Protein chains: 2
Amino acid sequence: MRGVVMHAPGDVRVEQREDPKILAPTDAIIRLAATCVCGSDLWPYRGVDAVEGATPMGHEYVGVVEEVGADVRNVRPGQFVVGSFVSSDGTCEICRSGYPSSCVERVFMNAVGTQAERARIPHADGTLVATPGMPDADLIPDLLAASDVLGTGWFGAVAAQAGPGRTVAVVGDGAVGLLAVLSARQLGAERVIAMSRHESRQKLALEFGATDIVTERGDEGIQKIKELTGGLGAHSVVEAVGTQQSMHQAIRSTRPGGHIGFVGVNHDVTLAGEELFFSQVHLHGGPAPVRQYLPELIDLICNRKINPGRVFDLTLPLDEAAEGYRAMDERRAIKTLLRP
Amino acid sequence: MRGVVMHAPGDVRVEQREDPKILAPTDAIIRLAATCVCGSDLWPYRGVDAVEGATPMGHEYVGVVEEVGADVRNVRPGQFVVGSFVSSDGTCEICRSGYPSSCVERVFMNAVGTQAERARIPHADGTLVATPGMPDADLIPDLLAASDVLGTGWFGAVAAQAGPGRTVAVVGDGAVGLLAVLSARQLGAERVIAMSRHESRQKLALEFGATDIVTERGDEGIQKIKELTGGLGAHSVVEAVGTQQSMHQAIRSTRPGGHIGFVGVNHDVTLAGEELFFSQVHLHGGPAPVRQYLPELIDLICNRKINPGRVFDLTLPLDEAAEGYRAMDERRAIKTLLRP
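Because the structure is predicted, anything quoted here is derived from the model rather than measured.

A. Highlighting the interface of chain B and chain A. Each side of the interface is counted separately: chain B has 38 residues, and chain A has 38 residues. Surface buried jointly by chain B and chain A totals about 3100 Å² across both partners, of which 62% is contributed by carbon and sulfur atoms. Between chain B and chain A we count two salt bridges in total. If you look at where chain B meets chain A, you find 18 residue pairs in polar contact (both at pLDDT 80 or more). When contributions to the side of chain B that touches chain A are tallied by element, the ones reaching two or more residues are helix H2 (93–96), strand E15 (254–262), strand E16 (270–272), helix H10 (273–279) and strand E17 (282–285) of chain B.

B. Region of interest: unusual backbone geometry. For A:Asp268, which is not a glycine, the phi torsion comes out positive at approximately 50 degrees. Relative to the elements of secondary structure, A:Asp268 occurs in the loop between strand E15 (254–262) and strand E16 (270–272). Judged by relative accessible area, A:Asp268 falls into the exposed class, the value being 66%. Positive phi is not limited to glycine here, since B:Arg331 has a value of about 55 degrees.

C. Summary view of the pattern of salt bridges. Residue and element names in this part refer to chain A. Taken as a whole, this structure holds 42 salt bridges over all chains when the rule is applied. With a shortest N-O distance of 2.8 Å, arginine 13 and aspartate 11 are connected by a salt bridge. Aspartate 11 sits in the partly exposed class, given a relative accessible area of 23%. Here glutamate 275 ties to arginine 252 by a salt bridge, and the two come within 2.6 Å at their closest N and O atoms. Linking glutamate 275 in helix H10 (residues 273–279) with arginine 252 in helix H9 (residues 244–252), this pair joins segments that are 23 residues apart in sequence. Sharing partners across several salt bridges, the network here consists of Asp19, Arg31, Glu66 and Arg118.

D. The arrangement of the domain arrangement of chain A in detail. Residues and elements named next belong to chain A. Structurally, chain A comprises domain 1 (2–148 + 289–339) and domain 2 (151–285). If you look at the interface, domain 1 gives 24 residues, while domain 2 gives 21 residues. Where glutamate 207 meets arginine 310, a salt bridge forms, and the shortest distance between an N and an O atom there is 2.6 Å. On the surface where domain 1 and domain 2 come into contact, there are seven residue pairs in polar contact (both at pLDDT 80 or more). Those elements that place two or more of their residues in the side of domain 1 that touches domain 2 are helix H4 (140–146) and helix H11 (290–302).

E. Up close: the UniProt feature "domain: Enoyl reductase (ER)" (unreviewed entry) in chain A. Using the residue numbers shown here, the UniProt feature "domain: Enoyl reductase (ER)" (unreviewed entry) corresponds to residues 7–338 of chain A. The span residues 7–338 of chain A is 30% helix and 26% strand, and its two end C-alpha atoms sit 19 Å from each other.

F. Main features of the pairing of strand E6 (residues 80–83) of chain B. Residue and element names in this part refer to chain B. Burial along E6 is two-sided: the face carrying Phe80 and Val82 and the face carrying Val81 and Gly83 are both buried. One ladder, built from three bridges, connects strand E5 (residues 62–68) with E6; its direction is antiparallel. The residue of E6 that forms the bridge with glycine 63 is valine 81. Pairing of E6 with strand E10 (residues 128–130) involves three bridges; the strand directions are antiparallel. Considered in E10, the bridge of valine 81 is made with alanine 130.

G. How the structure looks around H11(A). Residue and element names in this part refer to chain A. Spanning 13 residues, H11 covers 17 Å between terminal C-alpha atoms, matching the ideal 18 Å at 1.5 Å per step. Maximal helix bending in H11 amounts to about 35 degrees, located at glutamate 296. The set of residues buried in H11 consists of Val290, Tyr293, Leu294, Leu297, Ile298, Leu300 and Ile301. Buried residues along H11 sit in contact with strand E6 (80–83), helix H3 (124–127), strand E10 (128–130), H4, helix H5 (149–159) and helix H6 (175–186).

H. Region of interest: the relation of the copies chain B and chain A. Its rotation angle being 180 degrees, the transformation that places chain B on chain A also includes 0.0 Å of axial translation and leaves an RMSD of 0.0 Å. The superposition operator between the copies reduces to a two-fold rotation axis. Here 100% of the contact residues of chain B are again contact residues in chain A; the copies associate through an equivalent surface.

I. Local environment of the environment of B:Gly165. All names here are of chain B. Mapped onto the elements of the fold, glycine 165 is located in the loop between helix H5 (149–159) and strand E11 (167–171). Its relative accessible area of 44% is what places glycine 165 among the partly exposed residues. Separated by 23 residues in the primary sequence, glycine 165 and glycine 188 place their C-alpha atoms 7.9 Å from one another. If we skip the residues at most four places from it in the chain, glycine 165 touches Gly188, Glu190 and His235.

J. Quick peek at the pairing of strand E14 (residues 234–239) of chain B. Residues and elements named next belong to chain B. Summarising burial for E14: six of the six residues are buried, a large majority. Relative to E14, E11 is paired through four bridges, and the arrangement is parallel. Following the sheet pairing, valine 170 is matched in E14 by valine 238. Pairing of E14 with E15, which is carried by five bridges, proceeds in the parallel orientation.

K. Spatial organisation of the sheet that holds strand E2 (residues 11–16) of chain B. Residues and elements named next belong to chain B. Strand order across the open sheet formed by three strands is E2-E1-E4, with antiparallel pairing between neighbours. The open sheet has two edge strands, E2 and strand E4 (55–56), and neither has a second partner. Note that strand E1 (residues 2–8) and E4 share two bridges and pair antiparallel. Paired with methionine 6 across the bridge in E4 is threonine 55. Running at roughly 155 degrees to E2, helix H12 (residues 321–329) makes contact with E1 and E2 of the sheet.

L. Seen up close, the packing of aromatic side chains. What the rule picks out here adds up to six aromatic pairs over all chains. Seen in terms of ring centroids, A:Tyr45 and A:Tyr325 are 5.4 Å apart; in terms of plane orientation they differ by 35 degrees. Their pairing is tilted. A residue pair is termed long-range when its members are at least 10 positions apart, and A:Tyr45 in helix H1 (residues 42–45) and A:Tyr325 in helix H12 (residues 321–329) qualify at 280 residues. In this structure, A:Tyr45 and A:Tyr325 share a single accessibility class: buried. Among the aromatic residues, those joined into a cluster by ring pairs are A:Phe262, B:Phe277 and B:Phe278.

Criteria and thresholds
- Residues numbered from 1 in each chain as written.
- Chains lettered and ligands numbered in written order.
- Predicted model: local features only at pLDDT ≥ 70, side-chain atom pairs only at ≥ 80, totals over all residues.
- Heavy atoms only, no water.
- Contact = heavy atoms within 4.5 Å.
- Buried area = accessible area lost by both parts, 1.4 Å probe.
- Salt bridge = Lys/Arg side-chain N within 4 Å of Asp/Glu carboxyl O.
- Polar contact = N/O pair within 3.5 Å; in protein donor to acceptor, adjacent residues only side chain to side chain.
- Helix = DSSP H or I, 4+ residues; strand = E, 2+ residues; numbered from the N terminus.
- Buried < 20%, exposed > 50% of the residue type's maximum accessible area, 1.4 Å probe, protein only.
- Domains from an automatic or database assignment.
- UniProt positions renumbered as here; feature names shortened; annotations may be inferred.
- Pairing = 2+ DSSP bridges.
- Expected span 1.5 Å × (residues − 1).
- Bend = angle between axes of the 7 residues up to and from the residue.
- Least-squares fit on C-alpha atoms with pLDDT ≥ 70 in both.
- Axes fitted to C-alpha atoms, helices over the stretch in contact; angles between N-to-C directions.
- Phe/Tyr/Trp six-rings, centres within 6.5 Å; stacked < 30°, edge-to-face > 60°.

Have a look at this one:
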């Protein structure tokens, strides 16, 4: 089959990869209907994370089940499925407590590489959720978003306790930040402040339900959030970048007793214990437990209540993956969908 | 009046201080029935925090109201009162949301210095809670504990979501850690693991309801907590020290999705964003919103349901405050009560 392989920073190729096979009786093989490039794929692409030799890429996926192992009960060949970017057995104590992304048996799907024609999904029963029937073609980008960026934005908003009566600020205008805006509104937040300096992203944020746009960053951005919240800071802040600056911006924009959901994969971030202590915020984040939210998200999508696929502003054939990476790296695209 | 003044690290004296006066119509003056030395007083005593000239000391207090300002409505002269180590107006949005220790008008009572015969309490209405009648003399240490160490341990346990069905680990065996053990049990925790290497403190932890004692520290302590929790880590961890080592121990002893209440005033602590991210814990702490818990804690004490005053294992006249500090510094005493 054909699949995306990164050889070095900036060097992404589509080449022949071995066809996936059932390795464990709990595996499933899916044929991808769509896959995409993640903001986190840009870390190795930009050389911030090391590239250790030729690395299959991709961890987001939707598609049709082709084959299942002997122990798989919840999905069957022919079904259209959505899965999380982390596989989970669905039965361990951590899964049952609502944290499948920290399942004791988890596999990060990067290890599989879903930017390909087909993929092996470990722990299919605990990882995949079938849609009600074959979805309309126009829903495929929305369902693909659920696999990671929507689920991650949703977790950010949940962790930040976005809800009725609350003002939510979102730091970061990438796909996850924009979908945190959508999630916060969907969860009932009264006011959602999107922090963005890019006109096209501001537009999408407003479409997703942002009530305010703050273009300032750093200390000025924090000052602006305070001004909008009676000097106190937001009740809820979603951090969707993962840098030192964005984490500081999140912590300093939150009122005492408020909640931060941080879902940007942290890179070289150090937090001063003293500041966290006296800020009196709640801090929670990490790899989003997407699987937990999939049934609800699929339902919202199939009933056309939300349209998270709007974050894909570039669609390319899988063979043109290199251009998809380039466009995101140069911020010409928010997020690239690849059609195998 | 007489009061404790720190002149330099290790140099604590009881000397004549000016009598407190009503400065604002919301003030009250109390005559102290008892005060005490806090673990946090040891930071300047040990020279870790700077001592900026002669500094009146103390922030914990119980006593009888002597005089109130013209606007005070909730307490009156003659009442026995308990107050938090942070004054709060009780009316701002942050107070009303349950975080009086971050009140927009707060005054840390260190600025007043309650290791003295009398003290001015700002925002008396929002800060003080009267007991039902004059308490029995033997309850005074318990009520004094509520002013800070009990309220702080309680907040740690609440922030860590100690409760039925949960295993709680407590890092730190000072007065706050020990009272976090008491609080966790009182809140219904099934299992409470006290981490302590000191026999007398282990004994008190068991008396307060600890079900397990872990004497190991650092990596070995974390390993031990994992062994006691099916390899997953505790649901809830209270951090009651505030050092780099204790914060790491807390984070690494908590299972994914678990909760940490950190109430040790952080000193020179830096947390790696990456580790926090992948740990997937909930982190919440800071100066405890003691005032919020006072009515409940006073009720438990006056009904003799809890005996937090057991942490005072040394009682001295105010004039011997220097010895009280020394005994705590040398870990001969857990906590020193001073009688003015």
